[in-house]
Structure formats: structure tokens, C-alpha cells
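One-letter residues, chain by chain:
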Amino acid sequence: MAEIGQGVGARRQSSTRKAPRTWQHPTSSLVKGSIVYNVKYWGRVEVSQPSGAVTVKEAIDQLGACVQDAKQRGGKTPKVVLAVSYKGIRTADAKTKAVMHMHPLGKISYAGDDKTSKSVFAYIVREADSKNYCYAFKADGLAGQISLTVAQAFDVALKELNKTLGPDKGEMSKRMETAQNKVEVAATGGGGGSSQPPAAQPVAQPVALQQPAPALVPAPVAAPV
């Protein structure tokens with residue numbers, strides 16, 4: 001059974017001050033630009049919880065099954081560019097560079113990777129319809145690196161936000177700090193997250209699959225080569 005890189009809802013030891021962490025990227029890379037990964041977009045699915053390893057595990061399994069079904073019928077999984085910065089996570093079409101999604105870090109409540117396969121990265125975000133969605137990406141050999149990069153992005157964003165707010169932290173800062181701790185725990189493989197399985201959800205939306213199943217709601221894609 002795959003172990004999701006213990007997501008954003010993991011336990012935090014409030015009695016112990018965290019030691020400074022040495023991150024993998026210069027801070028300026030996340031502030032002045034972004035860290036880019038070439039991955040395949042599996043799609044998104046609505047989830048009942050904003051965080052938790054079980055929630056992400058079930059979302060990944062559901063999306064993975066949809067992708068495999070579409071492949072059997074000639075569909076192709078779209079190649080995308082995943083760009084991470086202190087502002088958020090942006091997904092763009094690898095060929096046209098058209099932006100598909102832009103999610104501010106303040107809206108992301110959980111991120112993690114499949115620690116068993118090391119090939120799938122996923123995150124949960126609250127969208128404009130006030131629902132939580134899990135986005136999943138096939139990232140062979142890079143899923144763990146992406147998780148760490150997202151954790152660093154949260155760390156940088158929180159520091160920048162606190163510089164602006166000063167000692168009187170606002171609600172946004174508190175939410176960011178909570179998410180930052182959860183994402184960092186997920187990326188480093190600690191904690192456990194929610195143990196309650198999410199309620200049944202609508203069929204996943206494997207966006208951009210060329211020949212989706214009738215129940216799916218896909219985005220337009222190019223014909224297979």
C-alpha cells in the first residue's frame with residue numbers, strides 16, 4: 001500500500017523550537033523566479049478533507065485508475081511544466097506554455113508525495129467554489145524533490161509575510177504557518193495526518209486526457225501521436 005508523504009495535517013511538536021533547516025534552493029530562486037519541473041498531469045478530484053495522507057492516497061488512486069482507463073482507449077496524459085515559487089504553484093502546458101492553473105500558497109492546505117513509488121506528487125487546494133480539490137502529477141524520481149521545494153516555498157512565503165505584518169500576525173499568517181508545518185512534515189516523511197478515510201466523491205477529472213470515460217469532465221487536448 002503506497003504511503004503518501006505524510007501530508008499537511010501531520011502532528012507538530014509545539015514544545016520544541018524547530019532548528020533552522022538547510023533548504024535545497026537559494027531563497028532568491030523562489031522569490032525572483034520559480035523552480036520548474038517537467039511532469040505529467042493526472043488531473044484533479046474533489047476531496048472531502050483539506051488535508052491528510054489518507055485523503056491524498058485515495059485521490060491519487062482514483063486519478064491513477066482514470067488515467068490507466070483512458071490510456072487503454074488511446075488517451076494521452078498531458079505533459080506540463082510545474083513551477084513552484086513563494087507565491088504559489090503554477091501549471092502550464094509543456095508545449096504551448098499556456099497557463100492551466102495558478103494556485104496561491106495561501107489556498108494550498110496540503111502537499112505530499114507517494115513515498116513508496118516516489119513518482120506521484122499531489123496537493124490539496126481550496127478553490128473559488130469553496131471546495132477542496134486534490135491535484136496529482138506523475139513525476140518519476142522527482143516527487144520527493146517537488147515536495148521539499150513546496151515546503152521551502154511555504155517557509156519563504158511565511159517569512160516574507162511576517163516581514164510585512166510585523167509582530168501582529170494576521171489570520172493569513174497563522175493559516176500559512178499551519179500549512180507550512182504540515183507541508184514540511186509531509187516532505188520530510190514525518191507525522192501521520194488524518195486517519196479517517198474521506199467520504200465518497202464524484203468521479204475524478206483527469207484533465208486533458210484525450211479520450212476520457214463518459215463520466216469524466218476533461219479539458220481539451222491534442223490528438224495522440
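Residue positions are counted from 1 within each chain, in the order its sequence is given. Given that this is a predicted model, residues contribute local features only at a pLDDT of at least 70 and side-chain atom pairs are listed and counted only at 80 or more, while totals for whole chains, interfaces and linings are drawn from all residues. Side-chain measures were taken over the full set of non-hydrogen atoms in the model, leaving aside hydrogen atoms and water.

Draft legend 1. Examining the overall build of the protein chain more closely. In terms of regular secondary structure, the protein chain is built from four helices and seven strands. Helix numbering and strand numbering both begin at the N terminus, where a helix is a DSSP run of H or I of at least 4 residues and a strand a DSSP run of E of at least 2. In the protein chain, the succession of α and β elements from N to C terminus is α-β-α-β-β-β-β-β-β-α-α. Within the protein chain, buried positions represent 44% of all 225 residues. For the protein chain, the computed accessible surface area is about 11,300 Å², with 52% contributed by carbon and sulfur atoms. Type-normalised accessible area, obtained with a 1.4 Å probe on protein chains alone, sets the label of each residue: buried when under 20%, exposed when over 50%, and partly exposed for intermediate values. Note on areas: these come from Shrake-Rupley sampling with a 1.4 Å probe, and a residue is covered only by the protein chains present in the view.

Draft legend 2. The arrangement of the environment of Lys-79 in detail. Checked against the element boundaries, Lys-79 lands in strand S2 (residues 79–85). Sequence separation between Lys-79 and Ala-92 is 13 residues, and the spatial gap between their C-alpha atoms is 8.9 Å. Any two residues having at least one pair of non-hydrogen atoms within 4.5 Å are treated as being in contact. Once you skip the residues sitting within four places of it in the chain, Lys-79 turns out to touch Val-39, Lys-40, Asp-93 and Ala-94.

Draft legend 3. Looking closely at the pairing of strand S3 (residues 88–93). Inspection of the sheet shows S2 paired to S3 by six bridges, in the antiparallel sense. Counterpart to Leu-82 in the pairing with S3 is Thr-91. What sits between S2 and S3 in their antiparallel hairpin is a turn of two residues. Two strands qualify as a pair provided that DSSP identifies no fewer than 2 bridges between them. The pairing of S3 with strand S4 (residues 99–104) spans five bridges and is antiparallel. Among the inter-strand pairings, Ile-89 is bridged to a residue of S4, identified as His-103.

Everything listed is a geometric property; what it means functionally is a separate question.
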